[in-house]
Amino acid sequence: MESTRRTYPVIGQKAWWKLRKQFRQSVPAQVTDRYLATVLGIQERSAEANVLLGLRRVGLVDREGTPTPRANDWRDDERYAPACKQMREEIYPQELRDAVPDPSSAGDAAQGWFMRTTGCGQSAARKMASLYSLLTDADPSAGQKKAGRTSKKASRSRSKEKPSAPAVPQTKQRSEPKRSPSTAPPDPEMPEVRLNLEIRIDASVTPEQIDQIFASMAKHIYRSSDERQ
């Protein structure tokens, strides 16, 4: 009964490929939780529980965290597939390998097997099935393909974002000062002025007096006009 309740290693695909890329550049003298936290950008506690234990289970590092000869094969493209095959045969029973030989085309079959065999939840079983799928595919170029898909997805996401319209600077219009009538420039040509006079004469005024009134008016009005000219 104990064999049916055993646990299986868990290493996320993102951590798997990122760590392999780092190993291709330089194999560390020792893999610690702090090393993994730095390379993967995660917390040290998470690195130990979710990555370091898995690396020990698949035989890429020993108990002290020293990389094994298998880790050297694992980072090499030509020896990657044989290294994955060794890990797959050592970790998973023949029953699973016969029942789900190709997990990529079997849907959730591998996940269901891990749930029934280990008694774990769906989330943990999905992580176990993910590593089983990686070791079964044994494709060293899968990491580059995954990175390419992620880059294209990010590019499409950025292209959907509409660029914001540039702000149009608002220019203040200079208002012309209002000129009062007193400050307005004089018109070089004098306007023509017409006067309408209304004269009311009492009935008691004699004709001689009326003549004198009009004569006086004519004298003063015509004299003013001559003076302006």
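Residues numbered from 1 in each chain as written. Predicted model: local features only at pLDDT ≥ 70, side-chain atom pairs only at ≥ 80, totals over all residues. Heavy atoms only, no water.

A. Inspection of unusual backbone geometry at higher detail. Positive phi is not limited to glycine here, since A138 has a value of about 50 degrees. Residue A138 is classed as buried on the basis of its relative accessible area of 16%. (Buried < 20%, exposed > 50% of the residue type's maximum accessible area, 1.4 Å probe, protein only.)

B. Spotlight on the environment of P82. Looking at where P82 falls in the secondary structure, it is placed in helix α5 (residues 77-91). Separated by 53 residues in the primary sequence, P82 and L135 place their C-alpha atoms 9.8 Å from one another. (Helix = DSSP H or I, 4+ residues; strand = E, 2+ residues; numbered from the N terminus.)

C. Here's a closer look at the packing of α5 against helix α8 (residues 122-137). Packing of α5 against α8 leaves a shortest axis separation of 8 Å and a crossing angle of 135 degrees. One way to sum up the angle between α5 and α8 is to call them oblique. The handedness of the crossing between α5 and α8 comes out as left-handed. Contacts between α5 and α8 involve C84, M87, R88 and I91 from the former and Y132, L135 and T136 from the latter. For the contact of α5 with α8, the class distribution of residues is five nonpolar, one polar and one charged. (Axes fitted to C-alpha atoms, helices over the stretch in contact; angles between N-to-C directions. Parallel < 35°, antiparallel > 145°, perpendicular 65-115°, else oblique. Left-handed = near helix turned anticlockwise from the far one by under 90°. Contact = heavy atoms within 4.5 Å. Nonpolar A, V, L, I, M, F, W, Y, C, P; charged D, E, K, R; others polar.)

D. Molecular detail of the nonpolar core. Counting 41 residues, the largest nonpolar core has W16, L19, L36, L55, M87, Y92 and F114 as its most contacted members. At the level of elements, α1 (13-25), α2 (33-40), α3 (44-58), α4 (69-74), α5, α7 (109-118) and α8 are the ones that each hand at least two residues to this core. Top element by residues in this core is α8. It accounts for seven residues. (Core = buried A, V, L, I, M, F, W, Y, C linked by side-chain atoms within 4.5 Å.)

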